[in-house]
Every structure is written in structure tokens, then in C-alpha cells.
Amino acid sequence: MNFPDPATAPRVLRQAPCAIAASECRAALRATLPAIMNHLQEAAGLHAQAIGVGIRELQAQGFTWMLGRLALKLNRLPAWQEPLTLATWPNGVKGRLLAERQFALETPSGERLLEASSEWLYVNFHTGRLARLPETVLALAAPGTATFALCQERLPEPDLAVAPLAECRFAVRRAEIDANGHVNNVHYAEWMLETLPEATYFGAEPVRFDIAYKQAAKLGDEVLIRTWASAPGHFLHAVCRATDGTLLAHATSAWQGV
């Protein structure tokens, strides 16, 4: 697959060095899944700012970006201090409400560690309501832009009436609130991982993770996290508001090495 050339399409692709810190690692000094998601989020934000649709620009106009879905395919986890290149680019829209963005993480030798697809919502910052994508966003992706198509199929929702494999509760902390005034998307993944079997959490590596965000958790909320096993090494996850059962986010994950 050929990525857009930044020399000829500078508004489409941004490549940046990516370094994994020791604090972002677990066993064998490999990066955690939330750490990788944080790097993707940062790259997306920096690139959006570089092409004129960053959060500062949007909030000044009364709008913001919210992540609707993120699907990752991992070939292996990056290691502490391993030289890496992270590429991200907008690759089109779905209708007038979803902007699509792709990611790739590679070593200098060209080894592909990760591919990811994401969908972003353009939202009124004050009301939280969806807004139609502006023309500036519709024009960002060049014809033939590379896509991994990891968000094409509908993400299955778990049956909340079925008893889970494990569950836990958390009260939303101040440290989990982001610039939009609600829980940052990476924390939902962190919560979900807390309900994995210990052998999976500490001894396996993720190969797929696909998460969809439905509603935002806010400071003062108590959240209920549940996980179900769908097959060996495969899980369904859900985050619900504990007070009323509202589904806030759900995900699927696949792991190898247990």
C-alpha cells in the first residue's frame, strides 16, 4: 500500500518520530495499549492543527472533535526507546458527519507494527450536538488516499443482560477529564483492560482492539465496566453509567500468547 507523499501532499500526511517512555511499558518493556492510543491521539491532534482544523481553531469557532471509533491492528508492541515513525492522514468522510483518519506505526527498516482506522465527529462545543462537517474538512483527503478499512463493519455490542466474565466500578477522576470537559477516550480502554483475566493482561499481547464511543462520561459519574469472553483470547467490553445503565462505550479485543 502506498502512502501519500508528504512532499507532494503536505496537507494529507504527517510523519513524526515516536519514542516509547519507560512509564508507558509493562512486561518485557513493551508499550501498553493505552500508551499507543495516546501517541495516536497526539499525532492526530498535531496534524489537525498543522492543516488548520485543530482543537484550538475549532473551539474558537464553537466546535470541537470527538472520537467516535478507533480500530487497531497490531503486529507487535513497540519497545522502550525503539526508533519509530508514526504517520497519520485524513482519508475521507462518511456522509457529512464522520471524518476518517488513518495511522501507521513503523520502524526505520519499514517493519509495520500497527495499522489503525478512526472516525471523528464534528461537535458543537457548547451543546455537544453533532454538526455537519465543514467544506475545509471534506477537501482534506486527496484522491486515492491509503485506507486500512478497519472500521467498515459494524462493531458488535455485547448483550448487557448476560452475566459478564468480570466487572468493576470506577468513579471518574479529575485527572481523566480532557480539554472538551469529559473523560478522554484513552481512559475507557484503560478501564476495560482492568477486567481482563490477569494472565491475559500481564502475559499476552493485543493483536486487535476496536472501540466505539456512544456517550461521554463526566466528572462525578460512576462507571461500570464489564468484560465477556467470546472465544479463546477474544473479548467483548462495555462501559456503562452505573446510575442508569447507559452504554457509554463498547469494544472488542483479541490477544495472543496465553
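No experiment lies behind these values; they were computed from the predicted model shown.

Undergrad: Kindly report on the nonpolar core, identifying the contributing residues and their values.
TA: Of all hydrophobic cores here, the largest spans 56 residues; its most connected members are L72 and Y188. The dominant element in this core, judged by the number of residues it contributes, is helix α1 (residues 33–50), at seven residues. The residues touching L72, leaving out its near neighbours within four places in the chain, are L33, I36, M37, L40, L114, E115, A116, L150, V207, R208 and F209. Counting residues in hydrophobic clusters, the runner-up holds eight residues, among them A71, W89, A146 and F148.

Undergrad: Break down the environment of A171 for me, citing the residues and quoting the values.
TA: Inspection of the secondary structure puts A171 in strand β6 (residues 166–171). We classify A171 as exposed; its relative accessible area is 54%. Excluding anything up to four places from it in sequence, A171 contacts E176, D221 and E222.

Undergrad: How would you explain the packing of aromatic side chains if you had to name every residue and give the values?
TA: Following the criterion strictly, the structure yields seven aromatic pairs and no others. Seen in terms of ring centroids, F63 and Y122 are 4.8 Å apart; in terms of plane orientation they differ by 10°. Their pairing is stacked. Of this pair, F63 sits in strand β2 (residues 63–74) while Y122 sits in strand β5 (residues 112–124), and the two are 59 residues apart along the sequence. A centroid spacing of 5.4 Å and a plane angle of 80° characterise the contact between Y188 and Y213, whose relative ring orientation is edge-to-face. Of this pair, Y188 sits in helix α4 (residues 185–193) while Y213 sits in strand β7 (residues 205–213), and the two are 25 residues apart along the sequence. Assigned by exposure class, Y188 and Y213 land together as buried. Through a chain of ring-to-ring contacts, the aromatic side chains of F170, Y188, W191 and Y213 assemble into a single cluster.

Procedures and definitions
Throughout this description, residue numbers start from 1 for each chain and increase along the sequence as written. Local features in this predicted model are restricted to residues of pLDDT 70 or higher, and side-chain atom pairs are both shown and tallied only at a pLDDT of 80 or more, whereas totals for entire chains, interfaces and linings draw on every residue. Just so you know, side-chain values use all the structure's heavy atoms and leave hydrogens and water out. Each nonpolar core is a collection of buried residues, namely Ala, Val, Leu, Ile, Met, Phe, Trp, Tyr and Cys, held together in the definition by side-chain atoms within 4.5 Å. Exposure categories follow from relative accessible area, calculated using a 1.4 Å probe and restricted to protein chains: below 20% of the type maximum is buried, above 50% is exposed, and the middle band is partly exposed. Only runs of H or I of at least four residues qualify as helices and only runs of E of at least two qualify as strands under DSSP, and these elements are numbered from the N terminus. Contact definition: two residues touch when any of their heavy atoms are within 4.5 Å. Centres within 6.5 Å are what make two rings of Phe, Tyr or Trp a pair, Trp counting through its six-membered ring; a difference in plane orientation under 30 degrees is then read as stacked, over 60 as edge-to-face, and the rest as tilted.

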